[in-house]
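One letter stands for each residue in the lines below.
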Amino acid sequence: MPLNLLHSPELNADYAASLCQQFGLTLTTEINGWHLAWLDDALVLRHSELPKQGDILVDFAGGAASYRRQYGGGKSEAIAKACGLNKKRDLTVLDATAGLGRDAFVLASLGASVTMVERNPAVAALLHDGLRRGKQSAELSWLGERMQLVHSSALDALQQQAAVDVVYLDPMFPPRDKTALVKKEMRAFHDVVGSDTDADALLAPALQLAQKRVVVKRPGYAEFLAATAPTMSVTGKNNRFDVYINAAI
Ligand SMILES: C[S@@+](CC[C@H](N)C(=O)[O-])C[C@H]1O[C@@H](n2cnc3c(N)ncnc32)[C@H](O)[C@@H]1O
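Remember, predicted model here, so these are calculated numbers, not experimental data.

*Asks:* For this particular structure, what's the right way to read the packing of aromatic side chains?
*Replies:* Geometrically, a pair of aromatic rings is defined through the distance of the ring centres and the angle of the planes. Applying the stated criterion to the full structure yields four aromatic pairs. Relative to Phe105, the ring of Phe60 lies with its centre 5.1 Å away and its plane at 15 degrees, an arrangement referred to as stacked. Residue Phe60 is located in the loop between strand 4 (42-47) and helix 2 (63-71), and its partner Phe105 is located in helix 4 (residues 102-109); the two are separated by 45 residues in the primary sequence. Consider the rings of Phe173 and Tyr221, whose centres lie 5.8 Å apart with planes at 65 degrees: the pair is edge-to-face. Taken together, the positions of Phe173 in the loop between strand 8 (164-169) and helix 8 (184-192) and Tyr221 in the loop between strand 9 (210-219) and strand 10 (232-235) put the pair 48 residues apart, joining distant regions of the chain.

*Asks:* Whenever I open this one, the nonpolar core confuses me. Can you help?
*Replies:* Across soluble globular proteins, you tend to see nonpolar side chains buried next to one another. Within the largest apolar cluster, 57 residues are counted, with the highest numbers of intra-cluster contacts made by Leu5, Leu36, Leu45, Phe60 and Met147. Broken down by element, this core gets its largest block of residues, seven residues, from helix 5 (residues 121-135). Residues lining this core come from more than one domain, with at least three contributed by each of domain 1 (4-53) and domain 2 (63-245). Every residue in contact with Met147, bar those within four places of it in the chain, is listed here: Phe60, Gly101, Ala104, Phe105, Ala108, Val114, Met116 and Leu131. In this structure, Leu94, Val150, Ala154 and Ala210 belong to the second largest nonpolar core, which totals 20 residues.

*Asks:* Looking at this model, I keep getting lost on the domain arrangement of the chain. Mind explaining?
*Replies:* Size of an interface, as often reported, equals the accessible area lost when the parts are brought together. Parsing the chain into structural domains produces domain 1 (4-53) and domain 2 (63-245). Look at where the C-alpha atoms of domain 1 and domain 2 centre, and you get two points 25 Å apart. Carbon and sulfur atoms make up 65% of the surface buried where domain 1 meets domain 2, a total of about 1,400 Å² over both sides. Taken together, domain 1 and domain 2 are joined by one salt bridge. Across the domain 1-domain 2 interface, the total number found is five residue pairs in polar contact (both at pLDDT 80 or more).

*Asks:* When you look at the pattern of salt bridges in this model, what are you seeing that I'm missing?
*Replies:* Charged atoms that come close allow side chains of opposite charge to pair. Taken as a whole and judged by the stated rule, the model has ten salt bridges. A salt bridge links Arg119 to Asp196, with the shortest nitrogen-to-oxygen separation between them at 3.2 Å. With a gap of 77 residues between them, Arg119 in the loop between strand 6 (113-117) and helix 5 and Asp196 in the loop between helix 8 and helix 9 (203-209) connect regions that are remote in the sequence. Classification of Asp196 by relative accessible area gives buried; the value is 16%. The shortest N-O distance in the salt bridge between Asp198 and Arg119 comes to 2.8 Å. One end of the pair, Asp198, is in the loop between helix 8 and helix 9; the other, Arg119, is in the loop between strand 6 and helix 5, with 79 residues separating them in the sequence. Residue class for Asp198 comes out partly exposed when judged on its relative accessible area of 38%. Because the salt bridges share partners, they merge into one network encompassing Asp41, Asp129, Arg132 and Arg133.

*Asks:* Explain the pairing of strand 6 here, please?
*Replies:* For a regular strand, the rule is simple: side chains alternate between the two faces of the sheet. Counted residue by residue, strand 6 has four buried out of five residues, so it is predominantly covered. Relative to strand 6, strand 5 (residues 92-95) runs parallel, the two sharing four bridges. Paired with Val93 across the two strands is Val114, which belongs to strand 6. Note that the unit made of strand 5, helix 4 and strand 6 has a crossover that is right-handed. Two strands pair when backbone bridges link them, and strand 6 and strand 7 (residues 147-150) are joined in this way by four bridges, in the parallel orientation. By the bridge assignment for strand 7, Val114 is matched with Met147.

Quick notes on the rules
Residues numbered from 1 in each chain as written. Predicted model: local features only at pLDDT ≥ 70, side-chain atom pairs only at ≥ 80, totals over all residues. Heavy atoms only, no water. Phe/Tyr/Trp six-rings, centres within 6.5 Å; stacked < 30°, edge-to-face > 60°. Helix = DSSP H or I, 4+ residues; strand = E, 2+ residues; numbered from the N terminus. Core = buried A, V, L, I, M, F, W, Y, C linked by side-chain atoms within 4.5 Å. Buried < 20%, exposed > 50% of the residue type's maximum accessible area, 1.4 Å probe, protein only. Domains from an automatic or database assignment. Contact = heavy atoms within 4.5 Å. Buried area = accessible area lost by both parts, 1.4 Å probe. Salt bridge = Lys/Arg side-chain N within 4 Å of Asp/Glu carboxyl O. Polar contact = N/O pair within 3.5 Å; in protein donor to acceptor, adjacent residues only side chain to side chain. Pairing = 2+ DSSP bridges. Right-handed = clockwise from strand over helix to strand, strands pointing away.

Structure (structure tokens):
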């Protein structure tokens, strides 16, 4: 569902028009519920009635992403091992369900060239704006070369994009208990994005496109995507990465 973009005198008119054009947003002066807004030179997602929810944005240069890049497990993180970045740095990756681009950023900061695919217009707009700001950061001089965004459905991208080493999938999965819903981003995602009930259909085209492997991120308790057992699984702190191998890296 496309969202409204709240007009702000600080938001450059040309940039607002290009966001509306690219992501099908409507520029408005009245908002109700979830909407995109402009705050401190950044596009944010917020809810008019839930001030405690806080703003959601993509901030590659900021706190959490930067801390994980500098002090995270690097190549020994489960996601890096699952994708094969512990064996080869400069893999090409299609992240077909990009979300807020956290996983894509981890992979790119380890050396991969990542194409992020996101179908939800509001989430894609947040990613677009996060890339714009990230490219301005002196610390992330590699970002423009290694991360790009395609606003489309994963199925279309898997059929149209050039072959890559790795296809990465992290579709939404229903939370097992309500406590997970208190996490602000998860709540926003469940409201704005909904459930990715069509995710099973992504595995076969992903396996067609990936030269080396397909990696599927799942909660530890979740069944396999498309009820298909992987070649192996790598267990992380909070998730499981199911790896379907086409060829050795
Ligand atoms: C759980 S989030 C991904 C989180 C991401 N891995 C991260 O690190 O931020 C799933 C995202 O995939 C997107 N998505 C799900 N199915 C998709 C599809 N078929 N095509 C494109 N995007 C899809 C959803 O809109 C949502 O933003």
